[in-house]
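One letter stands for each residue in the lines below.
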Amino acid sequence: MLVLLPMSFSHLHLHTEYSVLDGVCSPKEILTYAKECGQKSIAITDHGAMYGVPSFVREAKAVGLKPIIGCEAYVYDDFEFDNRGRDTKKSNHITLLAMNKTGYSNLSKLVTKAHLEGFYRNPRINLNWLAERNEGIIVLSGCIQGILSQAILDGNLNHARKRMNWFKEVFGKRFFLEVMNHEIPEERLIAKQLFEYGKKEKIKVVATNDVHFLKKGDHLVQDLLLAIKSNQLIDDPDRWRAKYPNLHLTTESEMLELFKENPESVSNTTLVSEMVEDFSEIFSNPDPIFPIVEVPKKYKNSSDYLTDLAMTGLKKRYEGNIKEAEERLEKELSVIKDLGYPDYFLAVRDYVQYAKDNDIPVGPGRGSGAGCLVAYCLDITTIDPLKYGLLFERFLNKGRKSLPDIDMDFCTLGRDDVIRYIREKNGKKKVSQIITFNRLKGKLAFRDIARLSAIPEPRFALVAKALSDGEKLNDALKNNIIKDIVRRDVDCEEALKKAMLIEDTIRNKGVHAAGLVISNQNLSQMVPLAKGKNGEVVTQYE
C-alpha cells in the first residue's frame with residue numbers, strides 16, 4: 001500500500017496573466033493562494049515565453065515558496081523546420097522546467113531562439129534545438145496538445161513510442177510522462193496509454209492540472225479575456241471559449257481524487273520539485289554586467305582612462321582657480337571607482353558623444369545625474385553642478401544599493417540612429433530594447449467589454465467619458481453621473497461588472513520608448529529575448 005506524505009503535490013503546469021489574454025491571475029494572486037493551500041513549491045509555465053518569471057520568483061520568495069522556472073514551449077514535431085510545408089504541420093506543446101542555473105540559461109536560449117528564429121504563428125523550437133540545449137532541463141511530455149498525446153489520439157502508437165524513446169534517450173531520468181484529468185474523454189485515453197508506457201518503460205508519470213485561473217468557476221473571467229483576444233462578440237457561439245471550469249489551482253486532495261487509481265503520479269511531482277535547485281538569487285539585484293569599453297593602450301585600465309578624460313574635461317569647463325572643482329572631482333571619481341562604475345560612465349559618454357558628433361540633439365541631463373561633476377566634465381551633461389549647488393550624493397554614494405541612473409534625452413528624429421550605433425558598437429546579441437506590458441485599466445476594460453457585448457457606442461461612450469483615466473471601476477461606481485447612467489442602462493451596468501473582473505490584467509505587449517539593455521556577453525544567456533511589433537529585439541523581462 002502506498003502511503004503519501006503530507007503535501008506531496010507540486011503544481012508543475014501553470015499559466016499566469018503573462019500567458020496574455022489566456023491566463024487570468026497575477027503571480028502575486030496565484031502564489032498567495034498557493035501558500036494558503038499548503039504548497040511548498042510551484043512552477044510557472046506560460047505559453048511560449050518567460051515574461052512573468054522575475055515577478056513570479058520575487059513573489060514566491062516573499063511568501064516562502066520555492067519557485068520552479070519553466071515554460072510551456074511550442075515544439076515542432078521534427079528535427080528541422082520544413083518551411084515548404086510549415087503551415088501543414090502545427091506545433092505541439094511541451095513542458096520545460098529549469099533544474100539549475102545551466103538549465104535556466106539553456107531554457108532562456110531556447111525561448112529566445114523560438115522567438116527570433118523559429119516563429120511561425122507561435123514561437124517554436126524543434127527537436128534538434130531541444131537536444132542541443134537539454135542540459136539542466138526537465139521535460140514533461142505535455143498536455144493534450146503534446147507530441148505523445150496527439151500521436152495517441154491519432155492512433156499512431158508507433159510514433160508515440162518512437163518519440164518517447166527519443167526523449168528518454170536524450171533526457172534520461174529528466175523526462176517524465178505528463179497526465180491530466182479535466183474530465184475530457186480524450187485525456188482519459190491519453191492517460192491510460194501513458195500509464196502503460198510508464199510501467200513498461202520505467203518512466204515516471206506526473207499528474208498536472210493545466211492551471212489558467214485561481215478557483216473553480218473563474219473560467220468565466222478567462223472567457224472574457226479570450227473574447228478580447230479573438231476580437232469576437234462575447235455571445236458569438238462560434239468563437240474560441242473557455243469551456244472548462246476546472247483549469248484552476250487544484251489542491252492536493254483534489255488531485256488525489258482525480259488520480260485515485262494512480263496516486264503515485266501526484267506524489268511524483270514532489271520528486272520533480274526536489275530535482276530543481278533554488279537558484280532564485282540570480283534575480284536578486286545581481287552585480288551589474290557593463291559593456292566592454294575600448295581603453296587606449298597607454299592606460300592601465302578603464303579607471304585610469306576615465307580619470308584622464310574627466311581631468312581633461314575639468315580644465316575645459318573651468319578656468320582660473322579650480323581647486324574646489326578638482327577636490328570635488330577626485331571625491332566623485334573615488335566613489336565611482338570603489339563601486340565599480342567606470343565602464344558605465346565610459347559607455348554613456350561614448351553614445352552621447354556619438355549623438356553630438358552627428359548633430360543629434362541631446363538634452364542637458366536631468367534628475368539626480370545632473371549633480372554629477374564627472375558627467376559634466378565628460379560632456380555627458382551640460383549643467384554645472386557647482387554653479388547650481390547640485391549634490392553628487394543624491395546621484396551616487398557608497399550607501400546606495402541601486403545603480404546610478406543618468407537620464408538622457410535624445411531627439412526622436414535621431415534616437416533610432418543612436419540605438420543602431422549602440423547595437424553595432426557592442427554587438428547585436430549584446431544589446432536589446434525592453435518590453436513593456438500594457439494593462440486593462442478600468443476605462444479600457446469597460447470599452448472592450450461594452451464593445452464586445454454589442455452595446456452601441458453612443459450608449460457606452462456616455463459611461464466611458466465619465467470615467468477618468470486610471471480610475472478604478474469600483475470607485476467609479478460611486479460617481480453619481482455613472483450611477484445615473486447604469487441605472488437607466490442595464491447592459492452598461494452588466495458591462496461594468498464584467499470589466500471589473502478583468503481590470504488591471506495584461507492586455508498586450510509594447511516596446512519601451514527609450515530603454516536599452518547593454519551587456520558584455522550575449523543577453524540570451526541571462527534573459528530571454530523576443531521581437532517587438534516592428535521586428536526590434538526586446539527583452540522578455542520588463
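A quick note: this is a predicted structure, and the numbers were derived from the prediction, not measured. (Residues numbered from 1 in each chain as written. Predicted model: local features only at pLDDT ≥ 70, side-chain atom pairs only at ≥ 80, totals over all residues. Heavy atoms only, no water.)

**Description of the overall build of the chain**
Broken down by element type, the chain carries 20 helices and 12 strands. Overall size of the chain, expressed as C-alpha extent along the three principal axes, is 90 × 65 × 50 Å. Across the 542 residues that make up the chain, the buried fraction comes to 54%. Long-range contacts, defined as pairs at least 24 residues apart, comprise 76% of the intrachain contacts of the chain with a sequence gap of at least 6. Counting every atom, the chain has about 26100 Å² of accessible surface; 49% of that belongs to carbon and sulfur. Here the chain carries 78 positive and 76 negative side-chain charges, and the mean point of each set is 2 Å from the other. (Helix = DSSP H or I, 4+ residues; strand = E, 2+ residues; numbered from the N terminus. Buried < 20%, exposed > 50% of the residue type's maximum accessible area, 1.4 Å probe, protein only. Contact = heavy atoms within 4.5 Å. Areas by Shrake-Rupley, 256 points an atom, 1.4 Å probe, with all protein chains shown as cover. Lys, Arg positive; Asp, Glu negative; His and termini not counted. Charge placed at Lys NZ, Arg CZ, Asp CG, Glu CD.)

**Brief notes about the sheet that holds strand S12 (residues 537–539)**
By way of backbone hydrogen bonds, the strands of a sheet pair with one another, either parallel or antiparallel. Taking strand neighbours across the sheet as the criterion, the 4 strands line up as S10-S9-S12-S11 in an open arrangement whose pairing is mixed. Both outer strands of the open sheet, strand S10 (506–518) and strand S11 (529–531), are each paired with one neighbouring strand and no more. Mean inter-strand twist for the sheet, computed between neighbouring axes without regard to direction, equals 45°. The pairing of strand S9 (residues 431–439) with S12 spans 2 bridges and is parallel. Its bridge partner lying in S12, Gln-433 is registered against Val-538. Sheet strands touched by helix H3 (residues 101–116): S11 and S12. Its angle to S11, the strand with the most contacts, is close to 10°. (Pairing = 2+ DSSP bridges. Axes fitted to C-alpha atoms, helices over the stretch in contact; angles between N-to-C directions.)

**Some thoughts on the packing of aromatic side chains**
Going through the model one piece at a time under the given rule, you end up with 21 aromatic pairs. Their ring planes at 70° and their centres at 5.4 Å tell us that Tyr-51 and Phe-437 sit as a pair that is edge-to-face. A residue pair is termed long-range when its members are at least 10 positions apart, and Tyr-51 in the loop between strand S1 (41–44) and helix H2 (53–63) and Phe-437 in strand S9 qualify at 386 residues. Note on Tyr-51: relative accessible area 10%, which makes it buried. Using a relative accessible area of 9% as the deciding quantity, one classes Phe-437 as buried. When the centroid spacing of 5.6 Å and the interplanar angle of 75° are considered together, the rings of Phe-79 and Trp-166 count as edge-to-face. Taken together, the residues span a long stretch of sequence, with Phe-79 in the loop between strand S2 (66–76) and strand S3 (92–98) and Trp-166 in helix H6 (residues 157–171) at a distance of 87 residues. With relative accessibility at 13%, the residue Trp-166 sits in the buried group. Grouping aromatic residues by their ring pairs yields a cluster made of Phe-290, Tyr-341, Tyr-344, Phe-345, Phe-392 and Phe-395. If you follow Lys-113 out to its NZ or CZ, it ends over the ring of Trp-129, 4.8 Å from the centre. (Phe/Tyr/Trp six-rings, centres within 6.5 Å; stacked < 30°, edge-to-face > 60°. Lys NZ or Arg CZ within 6 Å of the ring centre and 35° of its normal.)

**Considerations on the packing of helix H11 (residues 302–317) against helix H12 (residues 323–338)**
Between H11 and H12, whose axes approach to 11 Å, the crossing angle comes to 160°. The orientation of H11 relative to H12 falls into the category roughly antiparallel. In terms of crossing hand, the pair formed by H11 and H12 is right-handed. Contacts from Ser-303, Leu-306, Thr-307, Ala-310, Met-311 and Leu-314 in H11 reach Ala-325, Glu-326, Leu-329, Glu-330, Leu-333, Ile-336 and Lys-337 in H12. (Parallel < 35°, antiparallel > 145°, perpendicular 65-115°, else oblique. Left-handed = near helix turned anticlockwise from the far one by under 90°.)

**Describing the pairing of S2**
For S2, a buried count of 11 out of 11 residues is recorded, marking the element as mostly surrounded by other parts of the structure. In S2, alternate side chains face the same way, and those of Lys-66, Ile-68, Gly-70, Glu-72, Tyr-74 and Tyr-76 on one face and Pro-67, Ile-69, Cys-71, Ala-73 and Val-75 on the other are all buried. With 4 bridges connecting them, S1 and S2 associate as parallel partners. Residue pairing for S2: Ser-41 is matched across the bridge by Lys-66.

**Looking at the environment of Gln-353**
Examined against the element boundaries, Gln-353 turns out to sit in helix H13 (residues 342–357). When its relative accessible area of 25% is taken as the criterion, Gln-353 is described as partly exposed. In the structure, Gln-353 is positioned 160 residues away from Ala-513 in sequence and 21 Å away in space, judged by C-alpha atoms.

**Some words on the pattern of salt bridges**
This structure, assessed with the given rule, holds 29 salt bridges. The shortest N-O distance in the salt bridge between Glu-424 and Arg-420 comes to 2.8 Å. Separated by 4 residues within a single helix, Glu-424 and Arg-420 lie in helix H15 (residues 412–426), roughly one turn from each other. With relative accessibility at 34%, the residue Arg-420 sits in the partly exposed group. Taken together, the salt bridges that share partners define one network made up of Asp-223, Arg-239 and Arg-241. (Salt bridge = Lys/Arg side-chain N within 4 Å of Asp/Glu carboxyl O.)

Geometric descriptors of this kind do not, in isolation, establish any biological role.
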